[in-house]
Amino acid sequence: QVQLVESGGGLVQPGGSLRLSCAASGRIFRINAMGWYRQAPGKQRELVAIITSGGSTNYADIVKGRFTISRDNAKNTVYLQMNSLKPEDTAVYFCNADATEGRLYPSRAYWGQGTQVTVSS
């Protein structure tokens, strides 16, 4: 099994910044793409940003220019730097990783437990 543990959420004022981290551990053979999703109350989970093992990134239009995703492959960790936060960014943020547990294992998606981000004055 692969475990993902997020950290760094909290309460921040509009215009503020937060940095989320997600560390993968357990039986890891290879991690392919890693990403961040979020889910606000009453809404579906949506993609925020994704990064491949080679470092290519993709962002949801609503966070482009404000959020930056990065990863440290040596630490099996992905980060999300969130700047210029808005109240509408309030949500539970989930880490996702496409990973394999062994050479003959198929890749599958793993999820963290989520971390709450609240943007409010």
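Structure: above.
Asker: Even after reading the chapter, I still don't get the pairing of strand β4 (residues 30-39), so can you show me in this structure?
Answerer: Put simply, side chains in a regular strand alternate between the two faces of the sheet. Bridging between β4 and strand β9 (residues 91-100) involves 8 bridges; their strand directions are antiparallel. What sits directly across from Gly35, in β9, is Asn96. The pairing of β4 with strand β5 (residues 46-51) spans 5 bridges and is classified as antiparallel. Looking across to β5, one finds that Gly35 is bridged to Ile50. The turn linking β4 back onto β5 is made up of 6 residues, and Gly42 within it adopts a positive phi angle of 80°.

Asker: Explain unusual backbone geometry to me, please; I cannot follow it from the model alone.
Answerer: Leaving glycine out, the prevailing phi sign among residues is negative, and the prevailing peptide bond configuration is trans. The phi torsion at Asn76 lies on the positive side, around 50°, for a residue other than glycine. The residue Asn76 is located in the loop between β7 (67-72) and β8 (77-82) in this model. In this model, Ser84 sits at a positive phi of 50°, which is unusual for a non-glycine residue. Mapped onto the elements of the fold, Ser84 is located in the loop between β8 and β9. Taking relative accessible area as the criterion, Ser84 reaches 41% and is therefore assigned partly exposed.

Asker: In this structure, what is going on with the environment of Ser70? I would like to understand it.
Answerer: Inspection of the secondary structure assignment puts Ser70 in strand β7. Classification of Ser70 by relative accessible area gives partly exposed; the value is 30%. A C-alpha to C-alpha distance of 9.7 Å links Ser70 and Ser21, two positions 49 residues apart in sequence. Beyond its immediate stretch of four places on either side in the chain, Ser70 contacts Ile51, Thr77, Val78 and Tyr79.

Asker: Is there a simple way to explain the side chain of Glu6 in this structure?
Answerer: Its place among the elements puts Glu6 in strand β1 (residues 2-7). Salt bridges are absent for the buried Glu6, whose nearest opposite-charge side chain, Arg45, sits at 7.7 Å. Here Gln113 takes part through its backbone nitrogen, which lies 3.0 Å from a polar atom of the side chain of Glu6. A polar contact of 2.9 Å, which involves the side chain of Glu6, links it to the backbone nitrogen of Gly114. Beyond its immediate stretch of four places on either side in the chain, Glu6 contacts Ser21, Cys22, Trp36, Tyr93, Phe94, Cys95, Gly112, Gln113, Gly114 and Thr115.

Conventions adopted
- Residues numbered from 1 in each chain as written.
- Predicted model: local features only at pLDDT ≥ 70, side-chain atom pairs only at ≥ 80, totals over all residues.
- Heavy atoms only, no water.
- Pairing = 2+ DSSP bridges.
- Helix = DSSP H or I, 4+ residues; strand = E, 2+ residues; numbered from the N terminus.
- Buried < 20%, exposed > 50% of the residue type's maximum accessible area, 1.4 Å probe, protein only.
- Contact = heavy atoms within 4.5 Å.
- Lys, Arg positive; Asp, Glu negative; His and termini not counted.
- Salt bridge = Lys/Arg side-chain N within 4 Å of Asp/Glu carboxyl O.
- Polar contact = N/O pair within 3.5 Å; in protein donor to acceptor, adjacent residues only side chain to side chain.

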